[in-house]
Amino acid sequence: MACSGIAGTPATHVDHCRMTGRVPGVLCFNCNSGLGLLRDDPEAMHRAADYLEGNAWKPTLVAPGVYQLPS
């Protein structure tokens, strides 16, 4: 079985929701650890992905000539 996060990597860890106990899938050690370190928070994961893509500090245009930096 392959990891749901990294294609081609053997999945050896059953992921689970700490609140409901639901099992969404099976992951490799690195993906399971990463999700845990980010506290299973989708917003934290989006910020991490933005960082990796080089978008972490791009300002957002909120009005003509007015930019907002990410918080």
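Residues numbered from 1 in each chain as written. Predicted model: local features only at pLDDT ≥ 70, side-chain atom pairs only at ≥ 80, totals over all residues. Heavy atoms only, no water.

**Remarks on the overall build of the chain**
We apply this condition: Only DSSP runs of H or I with at least four residues qualify as helices, and only runs of E with at least two residues qualify as strands; both kinds are numbered from the N terminus onward. Only the C-alpha atoms count toward the radius of gyration. The rule for a globule is 2.2 Å times the residue count to the power 0.38. When a residue's accessible area, from a 1.4 Å probe over protein chains only, is under 20% of the maximum for its type it is buried; when over 50% it is exposed; and in between it is partly exposed. Any two residues whose heavy atoms approach within 4.5 Å at even a single point are treated as in contact. In these tables, accessible area is a Shrake-Rupley quantity obtained with a 1.4 Å probe, and a residue counts as shielded only by the protein chains included in the view. Residues scored as charged are limited to Lys and Arg (positive) and Asp and Glu (negative), so that His and the chain ends carry no count. Charged groups are reduced to one reference atom each: NZ for lysine, CZ for arginine, CG for aspartic acid, CD for glutamic acid.
For the chain, the helix and strand inventory stands at 2 helices and 4 strands. Going from the N terminus to the C terminus, the chain shows its helices and strands as β-β-α-α-β-β. The C-alpha atoms of the chain give 16 Å as radius of gyration, which overshoots the globular expectation for 71 residues (11 Å, by more than 25%). Projecting the C-alpha coordinates of the chain onto the three principal axes gives extents of approximately 50 × 30 × 15 Å. Residues counted as buried form 13% of the 71 residues belonging to the chain. Within the chain, contacts between residues at least 6 apart in sequence are counted, and of these 10% link residues at least 24 apart. Here the chain has roughly 5,800 Å² of accessible surface; of this, 60% comes from carbon and sulfur atoms. Between the averaged position of the 5 positive side-chain charges in the chain and that of its 6 negative side-chain charges there is a distance of 3 Å.

**A short note on the pairing of strand 3 (residues 60-63)**
Cut-off, in case you're wondering: Being paired, for any two strands, means DSSP has found at least two bridges between them.
By the bridge criterion, 3 bridges tie strand 3 to strand 4 (residues 66-68) in an arrangement that is antiparallel. Looking across to strand 4, one finds that A63 is bridged to V66. Between strand 3 and strand 4, which follow one another and run antiparallel, lie 2 residues, and G65 among them has a positive phi close to 80 degrees.

**A word on helix 2 (residues 42-52)**
Selection rule: Polar contacts, as counted here, are pairs of nitrogen or oxygen atoms within 3.5 Å of one another; within protein the pair requires one atom able to donate a hydrogen and one able to accept it, and residues that are adjacent in sequence qualify only if both atoms are side-chain atoms.
Its side-chain oxygen at 3.0 Å from the backbone nitrogen of E43, D41 defines the N-terminal cap of helix 2. One or two positions beyond helix 2, positive phi appears at G54, with a value near 80 degrees.

**Comments concerning the pattern of salt bridges**
Quick note on the threshold: The term salt bridge refers to a side-chain nitrogen of Lys or Arg lying within 4 Å of a carboxyl oxygen of Asp or Glu.
This structure, assessed with the given rule, holds 1 salt bridge. Taking the shortest distance from any N to any O, the salt bridge between D40 and R18 comes out at 2.9 Å. Of this pair, D40 sits in the loop between helix 1 (29-37) and helix 2 while R18 is found in the loop between strand 1 (13-14) and strand 2 (26-27), placing the two residues 22 residues apart along the sequence. Using a relative accessible area of 32% as the deciding quantity, one classes D40 as partly exposed. Judged by relative accessible area, R18 falls into the exposed class, the value being 60%.

**Structural notes on unusual backbone geometry**
Positive phi outside glycine occurs at R39, with the angle close to 60 degrees. Here R39 shows up in the loop between helix 1 and helix 2. Judged by its relative accessible area of 73%, R39 is exposed. Unusually for a residue other than glycine, D40 sits at a positive phi of about 55 degrees.

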